[in-house]
Amino acid sequence: MTDQPKGEFVCKVDEIQLKQALRILIDDYPVAIVKDSMGEIHAIGDTCSHADISLSEGEVEGCMIECWGHGSQFDLRTGEPLQLPAYDPVPVFAVEIVGDEVYVDFTNVVNGAEAPNFS
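Since the model is a prediction, treat every value here as computed from it, not as a measurement.

Before we go on, may I ask you to explain the sheet that holds strand S10 (residues 101–109) in this structure?
For sheets, the rule is that strands pair by backbone hydrogen bonds, running either parallel or antiparallel. The strand order S1-S10-S9-S4-S3-S2 describes an open sheet built from six strands, whose pairing is antiparallel. With one partner strand each, in any of the chains shown, strand S1 (8–12) and strand S2 (20–26) form the two edges of the open sheet. Strand-to-strand twist of the sheet, defined as the mean angle between neighbouring strand axes without regard to direction, takes the value 30°. Here strand S9 (residues 92–98) runs beside S10; their pairing, made up of six bridges, is antiparallel. Bridge assignment links Val-98 to a residue of S10, and that residue is Glu-101.

What exactly am I supposed to notice about the environment of Ile-16 here?
On the secondary structure map, Ile-16 appears in the loop between S1 and S2. A sequence separation of 10 residues divides Ile-16 from Ile-26, and the C-alpha atoms of the two residues are 18 Å apart. Those residues in contact with Ile-16, other than ones at most four positions away along the chain, are Cys-11, Leu-22, Ile-33, Val-34, Lys-35 and Ile-41.

Is there a simple way to think about the pattern of salt bridges in this case?
In total, this model carries five salt bridges according to the counting rule given. Across the pair Lys-12 and Glu-101 runs a salt bridge whose closest N-O atoms are separated by 3.7 Å. Highlighted residues: Lys-12 in strand S1 and Glu-101 in strand S10, separated in sequence by 89 residues. Look at Lys-12 and you get partly exposed, because its relative accessible area is 28%. Note that Glu-61 is salt-bridged to Lys-19, the shortest N-O span being 3.1 Å. Taken together, the positions of Glu-61 in strand S5 (residues 59–61) and Lys-19 in the loop between S1 and S2 put the pair 42 residues apart, joining distant regions of the chain. Residue class for Glu-61 comes out partly exposed when judged on its relative accessible area of 47%. With relative accessibility at 32%, the residue Lys-19 sits in the partly exposed group. Three or more residues are tied together by salt bridges with common partners; here these are Lys-12, Asp-100 and Glu-101.

Is there a simple way to explain the side chain of Lys-35 in this structure?
As for its placement among the helices and strands, Lys-35 is situated in strand S3 (residues 29–35). In this structure Lys-35 is buried but unpaired, with Asp-14 as the nearest side chain of opposite charge at 7.3 Å. A distance of 3.2 Å separates a polar atom in the side chain of Lys-35 from the backbone oxygen of Val-13. A distance of 2.9 Å separates the side chain of Lys-35 from the backbone oxygen of Ile-16, its partner in a polar contact.

Is there a simple way to explain the pairing of strand S4 (residues 41–45) in this structure?
It is a general feature of regular strands that their side chains alternate between the two faces of the sheet. Summarising burial for S4: five of the five residues are buried, a large majority. When S3 meets S4, the two strands line up antiparallel, connected through five bridges. Of the residues in S4, the one forming a bridge with Val-31 is Gly-45. The turn joining S3 and S4, which pair antiparallel and follow one another in sequence, is formed by five residues; a positive phi near 90° is taken by Gly-39. Alignment of S4 against S9, held across two bridges, turns out to be antiparallel. When the bridges of S9 are listed, Ile-44 appears paired with Val-92.

Parameters and conventions
Residues numbered from 1 in each chain as written. Predicted model: local features only at pLDDT ≥ 70, side-chain atom pairs only at ≥ 80, totals over all residues. Heavy atoms only, no water. Pairing = 2+ DSSP bridges. Helix = DSSP H or I, 4+ residues; strand = E, 2+ residues; numbered from the N terminus. Axes fitted to C-alpha atoms, helices over the stretch in contact; angles between N-to-C directions. Contact = heavy atoms within 4.5 Å. Salt bridge = Lys/Arg side-chain N within 4 Å of Asp/Glu carboxyl O. Buried < 20%, exposed > 50% of the residue type's maximum accessible area, 1.4 Å probe, protein only. Lys, Arg positive; Asp, Glu negative; His and termini not counted. Polar contact = N/O pair within 3.5 Å; in protein donor to acceptor, adjacent residues only side chain to side chain.

If you want it as structure tokens, here you go:
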């Protein structure tokens, strides 16, 4: 018997294209499920910390996503801003891949950034 994955099922691996993001809502909170240039999948808060703009509409390069609004860039692993004007990190959530399914633990903000309390 295998352990149940931690978190909530969000999508299948092949639903996210390489260097693309999928926007989902969890209790009305937007989250970007992103496949970086190496094929790794990340889950981050989908709203730029500089302005109320969806990050999932931005470009993905390497392990970074760029906000299309003002050019802020965020590391997908840490949520840290890599380019101004943003200076606050976005939340990064724990991701688990089981077979071809993506699970995100929205109760586990791995970088300590501010996020809603999902229960």
